[in-house]
Amino acid sequence: MPAASPASASAAATPSVASAADIVPEHVSAEIAALFDEAVARHRTAGVTWALLGGHGHSRAVLAHGAAGHRELADGRPAPGSAPMDRGTISRIASMTKSFTAATVLALRDEGRLRLDDPVAQYVPKADGAFETGPDDPEVTVGHLLTMSAGLVTDNPWGDRQEALTREEFAEILRAGLGHVHRPGTGFEYSNTGYALLGRVIDEVTGSDYTTEIRRRFLDPLGLADTAFEAASIDTGRLATGHRVGDRSDATRFEPVPLDSPGVYGAMAGLFSTVDDVATWVRFLAAADAPGEATPAGEPAAPPLSAASRREMQQLQRHQPLAPLPAGEDGRSPGFDRVRGYGLGLVVEQFPDLGEVISHSGGYPGYGSFMVWHRASGVGVVALANSKYAPATPLSMQALRLLQRELPELLAPPRKTASRQTLRAAAAAVDWLRTGDAAAADAADTTDTADIWFAGNMDLDSTRAERRRRLEAALAAAGLDHSALELLRPDNATVLSRAQLRWTLRGAYDGAPSVRIDLLTDPRREALVQSLDVTTVAAG
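Note that the structure is predicted; figures quoted are calculated from it, not measured.

Asker: I'd like a description of the sheet that holds strand β14 (residues 380-385), backed by residues and values.
Answerer: Taken in spatial order, the eight strands line up as β2-β1-β14-β13-β12-β11-β10-β9 in an open sheet, and their pairing is antiparallel. The open sheet is flanked by β2 (62-69) and β9 (318-319), the only strands paired with a single partner. Where strand β11 (residues 347-351) meets strand β12 (residues 355-364), five bridges bridge the pair, whose relative direction is antiparallel. By the bridge assignment, V348 is partnered in β12 with I358. The strands touched by helix α1 (residues 26-41) are β1 (47-53), β2 and β14; relative to β1, the strand with the most contacts, the crossing angle is about 155°. Strands β1, β2, β13 (367-374) and β14 of the sheet are contacted by helix α9 (residues 275-286), whose axis makes an angle of about 35° with β13.

Here it is, written out as C-alpha cells:
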C-alpha cells in the first residue's frame, strides 16, 4: 500500500543521562582515545589532552575525555617531576583566543561604544596612515580586521613571536606602516596583526586593556577559572610545557621552549586554558543555535553576549578560497572538499558529510590546539597539545567523523518545524488536490479552496486545469489512484523549512516511480500557496 513520507527525519531523542557513557559508549571513546594515543606514540606531539563536548540537549558539557603523553619532555623522556597530561592540564590555546577578542568587540558594539564599519584609526589614532591603501580604497575598518579582510600580510611565523610587544613598540610598527596583499574588503588573508589591533581598539574604547575586559566580560561570568593571559594567574603546577619540534623523528625531537610574557599580540593568541574551560566556552557559543528551548544547555542565566551576536560570529563573513581537489583521469578536478570562510573570530566550514562545522585552531611556539563543533547538534571536540603545530586539527576532525559514523543520532540535526500558517495552507492545498474544481463546478455559490489559498501568481504560472492534468499523469505513472491522496496530511509531510513542505507517495509496484508533491508558501505573513508542484521521481 502506498505511504506518505514521515513528517521529517526524526531527531535523535536527547537522552536524560546519569552517565556520559550512556551517550558515548566505552568502545567509541576508546577508539577516539586510540587516535590521540597513536599521535603521541608516533611522536607527532609530546602530549595532548582532549574532550568530546555535549550538544544542545545534553546536560553534560563533557561526554568523554582523555589524555596521552607528558607535560614536559627532556631528551625524549618525561622530565623530572613532570606529570602525565590529564584533564586538568593547562595549555596555551593560541589563536583560539581570537574568538574571545571578537566577542569582546561585539559586546562593545552591542553597547553602542563602537561600530564595525568605523575606521580602526577612529579608535586607535596611532593606526592613522598605517595601512597601505590607494586613493579609491576604503579605510580599514574594525569589521575588516574581525573578518580577516583588511588585506594585511599573513603573519603566522612572525606574529607568533610578537606576543610581548608593548603598546609603544606596536605604535612604532604602525608608524612605520603595514604592507598589504589585497585591497580592504576584497579578499581573505589571515592576520594576527589585525587581531592585535582589535586588542588595542578594546584598550582605547574601554580605557582599560583587553586582558581585563575579556576577564571581566567572559572569563569570570562563565566561570573559566583556569583561563588567563598570564602564567602568574594560573596553577603552574598543572601547566604543560611547550615544545618546539626538532628535525629528528624520535621523542628527542621535542625541546622545551620558554613562555613569553603578555603584550599587545596576546589579543590574538595569548590565553592559557583547559579542555573543561574551553568546553564551557564552546557550549556558550554553540547555545545560540539551540532549537527553541527556554534555557539551552550552555546558556547562562544572564549571558554576557547576546545569542544574536554569537550567531553573527558563526556566519561566514569572508570566503577563504581553497585549492581544488586533484584532477581525475579526465584531467578535471571533481571540485572542492568543502566551503570554508571566516566569521568573526571563528572559522565556518560546510562539509558534504558533516554539514556546517564551526571551529578555530591554534598554533604557537610550543603548542597546538583546536576547538570544533557541529553546528546543528552542538556536539564538538577540543584538543590541547604541548608541541608546536601539533596535529590537534586532524585528530579532532577524525574524532568528530568517528562520532558521526558510530553514533549518527548524536549529530542528528533538530527536527524542522513548519509555521502554523504553512500548516493551514498545506491542509487547504491537500483538500484542493483531492477535490480539484469539482465542488465549484457542482455549486455556483461554492468558493473554490484555491480562490482563498492560492497566491496571485499561481493561476498565472499554471492554470488549475493544467495542475489537475499533471496530478493525474503522475498518479497514473506511479500506478496509483485518487485514494492515495487520502494519505496526505500536513503533519506527515517532510518539513524542508518553516515555509516549505514535501510529500512522497511510493509507487504501487516495484520499479514504479514515486509521486512527489512540493508546497511553498509566499513571503507574506498571511502565507498563501505560491508553489504546488506535482512530479514523479524514479524509484530507489
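The structure having been displayed, the exposition proceeds.
Asker: Account for unusual backbone geometry, naming residues and giving values.
Answerer: In the Ramachandran plot, M148 falls in the positive-phi region, its phi being about 60° despite a non-glycine side chain. Notably, A527 is not glycine yet its phi reads approximately 50°, a positive angle. Looking at where A527 falls in the secondary structure, it is placed in the loop between β17 (514-521) and β18 (529-537).

Asker: Now, about the nonpolar core: what can you tell me, with residues and values included?
Answerer: Ranked by internal contacts, the top residues of the largest apolar core, which has 81 residues, are L146, L197, W281, M313 and M371. With eight residues, α9 is the largest single contributor of residues to this core. L197 has contacts with V120, V124, A127, F131, L145, F170, L174 and L178, leaving out every residue within four places of it along the chain. By size, the runner-up hydrophobic cluster in this structure holds 35 residues, among which are I32, F351, V357 and L395.

Asker: Before we move on, could you go through the environment of I517 and cite the residues and values that matter?
Answerer: Looking at where I517 falls in the secondary structure, it is placed in strand β17. Among all residues touching I517, those that are not within four sequence positions of it are L433, L488, L501, R502, W503, L532, D533 and V534.

Asker: Account for the sheet that holds β18, with residues named and values stated.
Answerer: Taken in spatial order, the four strands of this open sheet run β15-β16-β17-β18, and their pairing is antiparallel. Only two strands of the sheet have a single partner each, and these edge strands are β15 (494-497) and β18. Between one strand axis and the next, the sheet turns through 20° on average, direction left out of account. Note: β15 against strand β16 (residues 500-505), three bridges, orientation antiparallel. Within β16, the position partnered with S497 by the bridge is Q500. Along the sheet face, helix α12 (residues 420-435) touches β16, β17 and β18 and points at about 135° away from the line of β17. Lying over the sheet, helix α16 (residues 464-477) contacts β17 and β18, oriented at roughly 30° with respect to β18.

About the criteria used
- Residues numbered from 1 in each chain as written.
- Predicted model: local features only at pLDDT ≥ 70, side-chain atom pairs only at ≥ 80, totals over all residues.
- Heavy atoms only, no water.
- Pairing = 2+ DSSP bridges.
- Helix = DSSP H or I, 4+ residues; strand = E, 2+ residues; numbered from the N terminus.
- Contact = heavy atoms within 4.5 Å.
- Axes fitted to C-alpha atoms, helices over the stretch in contact; angles between N-to-C directions.
- Core = buried A, V, L, I, M, F, W, Y, C linked by side-chain atoms within 4.5 Å.
- Buried < 20%, exposed > 50% of the residue type's maximum accessible area, 1.4 Å probe, protein only.

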